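Structure assessment
Residue-level listing of the chains:
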Amino acid sequence: MRSKKNEIEELKRVINYYDYIYRDYSMRKYNKIFSKLKKKIDSKAYKAIVVYPAAVNWEPIQRPHHILRVLGEMGYLCFFCVDTNSAELIFEEKYDNVYLINKQEELIPLIGNNRVIVLITYFLQYYFAKYLPNSTIWFDILDRLDFLSLYNKLSKKVYDELIENADIVTYSANSLLEYASKRHDSILLENAVNIEDFKVKEKINFNKFKDIKRVLDKKKPIVGYYGVVEKWFNFNLIKKLDETNKYSIVIIGPVNEDLEDIIDDYDFENVYFLGMKKYKDLKYYAKAFNIAIIPFYVNKLTNCVSPVKFFEYASIGLPILTTKIREMTKYECEAVRLIDINSIVKECDNLLSSNMDLIRKKCNEIAMNNTWENYRKNILGVLKNEWLWFKNI
């Protein structure tokens with residue numbers, strides 16, 4: 001196991017390596033592959049440029065993806081960067097005005113001295129931002145900072161600098177205000193859902209989704225989860241349901257390899273791990289669920305989490321079981337049941353016998369009150385002062 005000292009030394013070498021690359025590209029001319037895009041940038045036929053430097057993959061779709069998608073719809077020119085370790089250039093328009101690029105260093109000469117908003121959620125992104133000379137830094141706090149990978153003295157120093165000096169600071173949940181409280185101008189920007197993404201207008205042919213079809217063929221009610229499976233995932237709750245032998249439990253998403261031995265020890269009989277699915281297919285898998293679940297441990301970390309999946313579950317009309325993490329307790333109702341190890345089976349049984357019309361109505365209310373479309377005005381509020389500055393250049 002690496003010591004913190006060795007981790008920091010290794011991290012410094014990584015930072016120096018990227019610093020070398022970024023400095024090199026800052027002295028280059030832009031890649032002619034982007035000639036058409038360069039004309040668009042120089043024409044300023046958009047509200048502003050927004051860059052999200054490499055931090056997460058394109059899939060699974062998370063909060064930064066949604067923010068850039070909203071900005072793209074509002075007329076901002078957005079770049080979502082990923083690190084694929086591929087020699088081949090990936091450049092693709094994923095949504096209106098939202099481009100995926102795997103070689104973010106190419107953006108340095110392409111953007112040049114143009115004004116750009118850099119959206120940052122992870123400390124290593126800050127080093128890239130320093131090579132965009134006319135950048136406005138937007139630091140979005142989406143989780144507890146000490147939960148994020150490579151949290152140590154070096155990364156903490158960067159986070160402290162971001163909180164103090166970023167032009168814009170936002171946070172995703174009230175519990176994260178402890179970080180942003182030093183900034184009187186910080187803004188709460190809660191998570192939400194794109195309802196249209198989860199509408200299923202056609203009859204689903206589950207033969208196209210053979211893994212979930214095999215679970216459906218068990219003829220048991222399905223309790224389902226999708227998302228990453230990490231150390232905050234409480235498998236004791238899953239075991240409690242598994243032991244009843246009344247339910248099939250479906251878990252969709254990547255599983256931290258450090259948890260694989262722990263999962264094996266549970267010796268599940270009715271639990272099915274289906275792996276990661278594309279965002280566009282989640283609605284079809286979720287339609288096979290009878291109940292959706294958010295089985296997180298309740299602790300300092302998870303009490304700062306506002307799961308995007310909660311709003312997605314609601315938009316599908318699924319009854320929801322969730323542990324009593326702070327951001328979920330305010331949604332308790334007929335459709336959303338708060339659970340612990342002692343109540344999970346009872347509440348699961350209760351939901352299955354509930355009035356589904358009432359549950360769908362309640363879910364629809366939750367979803368409609370928490371859409372990214374509704375939050376456009378919040379994002380406009382975040383960018384208001386910066387936009388006035390942009391207009392005058």
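So, a few notes on the structure that sits alongside this text. What you are looking at is a predicted structure, and each value in this text was computed from that prediction instead of being measured.

What follows concerns the overall build of the protein. Looking only at helices and strands, the protein features 16 helices and 14 strands. For the protein, whose C-alpha radius of gyration is 22 Å, the value lies close to the compact-globule estimate of 21 Å for 393 residues. If you line up the protein on its principal axes, its C-alpha atoms span 65 × 50 × 45 Å. Each of the 393 residues in the protein was classed as buried or not, and the buried ones make up 54%. For the protein, restricting intrachain contacts to residue pairs at least 6 apart in sequence, the fraction spanning at least 24 positions comes to 68%. When the accessible surface of the protein is summed, it comes to about 19,100 Å², and 47% of that surface belongs to carbon and sulfur atoms.

Let us look at the sheet that holds strand E7 (residues 168-171). The strand order E3-E4-E2-E1-E5-E6-E7-E8 describes an open sheet built from eight strands, whose pairing is mixed. Single-partner strands in this sheet number two, and they are strand E3 (91-95) and strand E8 (187-188). As judged from the four bridges shared by strand E1 (residues 49-52) and strand E2 (residues 77-81), these two strands associate in the parallel manner. Counted as the bridge partner of Ile49 is Leu77 from E2. Strand contacts of helix H3 (residues 63-73): E1, E2, E3, strand E4 (98-101), strand E5 (116-120), strand E6 (135-141) and E7, with the helix running at about 160 degrees to E2, the strand carrying the most contacts. In the packing of helix H6 (residues 153-165) onto the sheet, contacts are made with E5, E6 and E7, and the angle to E6 comes to roughly 115 degrees.

Next up on the list: the pairing of strand E10 (residues 248-252). Taken across its five residues, E10 has five buried, putting it largely inside the fold. Note: strand E9 (residues 222-226) against E10, five bridges, orientation parallel. Looking at the pairing, Tyr225 lines up with Ile251 of E10. Note on the crossover from E9 through helix H9 (residues 235-244) to E10: the handedness is right-handed. For E10 and strand E11 (residues 271-275), the ladder comprises four bridges, and the chain directions are parallel. Counterpart to Val250 in the pairing with E11 is Tyr272. Considered for its hand, the β-α-β crossover made up of E10, helix H10 (residues 260-266) and E11 is right-handed.

Side chains that are nonpolar tend, in soluble globular proteins, to be buried together. Counting 93 residues, the largest nonpolar core has Trp138 and Ile212 as the members making the most contacts within it. Take this core: its biggest share by element is five residues, from helix H12 (residues 308-316). With sequence-adjacent residues up to four places away left out, Ile212 is seen in contact with Phe206, Ile222, Val250, Leu274, Tyr285 and Ala288. By size, the runner-up hydrophobic cluster in this structure holds 50 residues, among which are Tyr25, Tyr122, Tyr171 and Ala180.

The next thing to look at is unusual backbone geometry. Following Glu59, the chain continues to Pro60 via a peptide bond in cis, the omega torsion being 0 degrees. Locating Pro60 in the fold gives a position in the loop between E1 and H3. The backbone of Lys44 sits at a positive phi, close to 55 degrees, despite the residue not being glycine. Along the chain, Lys44 falls in the loop between helix H2 (35-43) and E1. In the Ramachandran plot, Asn97 falls in the positive-phi region, its phi being about 65 degrees despite a non-glycine side chain.

Take the pattern of salt bridges next. Enumeration according to the criterion identifies 26 salt bridges in this entry. The salt bridge partner of Arg144 is Glu178, with a shortest N-O separation of 2.9 Å. Taken together, the positions of Arg144 in the loop between E6 and H6 and Glu178 in helix H7 (residues 177-180) put the pair 34 residues apart, joining distant regions of the chain. Under the relative-accessibility criterion, Arg144 is labelled buried at 5%. What makes Glu178 partly exposed here is its relative accessible area of 46%. The salt bridge partner of Asp217 is Lys213, with a shortest N-O separation of 3.1 Å. Judged by relative accessible area, Lys213 falls into the partly exposed class, the value being 26%.

A few words on the state of the cysteines. Under the criterion given, the structure shown has zero disulfides. Not engaged in a disulfide, the cysteine Cys78 finds its nearest cysteine sulfur in Cys81; these two sulfurs lie 11 Å apart. Of all cysteine sulfurs, the one in Cys363 lies closest to Cys348, which takes part in no disulfide; the gap is 15 Å. Among the residues examined, Cys348 registers a relative accessible area of 0% and is labelled buried.

Moving on: the sheet that holds E11. Taken in spatial order, the six strands line up as E11-E10-E9-E12-E13-E14 in an open sheet, and their pairing is parallel. Single-partner strands in this sheet number two, and they are E11 and strand E14 (336-339). On average, each strand axis in the sheet is inclined to that of its neighbour by 25 degrees, with strand direction left out of account. As paired strands, strand E13 (residues 320-323) and E14 are joined by four bridges and run parallel to one another. Its bridge partner being in E14, Thr323 is matched across the sheet by Ile339.

Our focus in this paragraph is the packing of aromatic side chains. Across all of its chains, the model carries 31 aromatic pairs by this definition. Relative to Phe311, the ring of Phe310 lies with its centre 5.2 Å away and its plane at 80 degrees, an arrangement referred to as edge-to-face. Owing to a relative accessible area of 2%, Phe311 belongs among the buried residues under this scheme. Each member of the aromatic cluster is reached from another via a ring pair, and the members are Phe147, Tyr225, Trp232, Phe233, Phe235, Tyr266, Phe268, Phe273 and Phe296. Positioned above the aromatic ring of Tyr95 is the side chain of Arg69, whose terminal nitrogen or guanidinium carbon lies 4.4 Å from the ring centre. Note that Lys130 overlies the ring of Tyr126, its terminal NZ or CZ placed 5.0 Å from the centroid.

Calculation rules
Residues numbered from 1 in each chain as written. Predicted model: local features only at pLDDT ≥ 70, side-chain atom pairs only at ≥ 80, totals over all residues. Heavy atoms only, no water. Helix = DSSP H or I, 4+ residues; strand = E, 2+ residues; numbered from the N terminus. Rg over C-alpha atoms; globule rule 2.2 N^0.38 Å. Buried < 20%, exposed > 50% of the residue type's maximum accessible area, 1.4 Å probe, protein only. Contact = heavy atoms within 4.5 Å. Areas by Shrake-Rupley, 256 points an atom, 1.4 Å probe, with all protein chains shown as cover. Pairing = 2+ DSSP bridges. Axes fitted to C-alpha atoms, helices over the stretch in contact; angles between N-to-C directions. Right-handed = clockwise from strand over helix to strand, strands pointing away. Core = buried A, V, L, I, M, F, W, Y, C linked by side-chain atoms within 4.5 Å. Salt bridge = Lys/Arg side-chain N within 4 Å of Asp/Glu carboxyl O. Disulfide = S-S within 2.5 Å. Phe/Tyr/Trp six-rings, centres within 6.5 Å; stacked < 30°, edge-to-face > 60°. Lys NZ or Arg CZ within 6 Å of the ring centre and 35° of its normal.

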